[in-house]
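One letter stands for each residue in the lines below.
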Amino acid sequence: MSSPSTVERQGAFTRFLAPVVLLAAMWIIQFIDAILPLSFTGFGIRSWDLSGLVGIVLGPLLHANWAHLIANTGPLLVLGCLVAIEGAGRFWKVTAISALIGGAGTWLFNPPGTLTVGASVLVFGYFGYVVLRVLSPRRLAHRVLYAVIALLVIGLYGGAMLS
């Protein structure tokens, strides 16, 4: 039988494994994209093109180049882990909702034919989730903690998120 601290550590490991797995998939895809003679970027979101709707699912996993992936890695890992604190299931739900809503918005509001790739849609979705947690009906201490985290994220990544 496991001690409570072992169970808690295993739970934390499982929770934080989810964003690490997602990020690892992005790095593996970028590596394969770099060594193959063709590019996966064409599978991103192509605005106003019905065939580009598949990019809503695939686009967040794809990046234009290594610099693009590296720029998304830190914010995605930090914010993804903040979402994953509430469980791996919550993380995957927030990821799916962020990809669908953000991807649909990208497809609809970008100029026709624009090709968009990258995990920024997830980063903004995770940030939005953290901000919404400030307004949740939880204890004041939880809401204050999420507010402090949101302000720290703005301070650390605000410029990167807006560029």
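Residues numbered from 1 in each chain as written. Predicted model: local features only at pLDDT ≥ 70, side-chain atom pairs only at ≥ 80, totals over all residues. Heavy atoms only, no water.

Participant: Quick rundown of the packing of aromatic side chains? Include the residues and the values.
Facilitator: A full pass over the atoms with the stated rule returns four aromatic pairs. Residues Trp 27 and Trp 66 carry aromatic rings whose centres are separated by 5.4 Å and whose planes lie at 45° to one another, so their mutual orientation is tilted. Here Trp 27, found in helix α1 (residues 4-35), pairs with Trp 66, found in helix α3 (residues 66-84); they are 39 residues apart in sequence, far enough to count as distant. Residue Trp 27 is classed as partly exposed on the basis of its relative accessible area, which comes to 33%. For Trp 66, a relative accessible area of 32% corresponds to the partly exposed category. The interplanar angle of 40° and the centroid separation of 5.5 Å between the aromatic rings of Phe 91 and Tyr 126 together place this pair among those described as tilted. Here Phe 91 is found in helix α4 (residues 88-109), whereas its partner Tyr 126 is found in helix α5 (residues 120-134), with 35 residues between them in sequence. With relative accessibility at 0%, the residue Phe 91 sits in the buried group. Its relative accessible area of 0% is what places Tyr 126 among the buried residues. (Phe/Tyr/Trp six-rings, centres within 6.5 Å; stacked < 30°, edge-to-face > 60°. Helix = DSSP H or I, 4+ residues; strand = E, 2+ residues; numbered from the N terminus. Buried < 20%, exposed > 50% of the residue type's maximum accessible area, 1.4 Å probe, protein only.)

Participant: Provide a residue-level description of the pattern of salt bridges, including the pertinent values.
Facilitator: Evaluation of the coordinates by the stated rule reveals two salt bridges. Among the ionic pairs, Glu 86 bridges to Arg 90, the shortest N-O distance being 2.9 Å. Ionic pairing is found between Glu 86 and Arg 133, a salt bridge with its closest N-O pair at 3.0 Å. Here Arg 133 lies in helix α5 and Glu 86 lies in the loop between α3 and α4, a separation of 47 residues in the sequence. Judged by relative accessible area, Arg 133 falls into the buried class, the value being 14%. A cluster of three or more residues bridged by salt bridges with shared partners is formed by Glu 86, Arg 90 and Arg 133. (Salt bridge = Lys/Arg side-chain N within 4 Å of Asp/Glu carboxyl O.)

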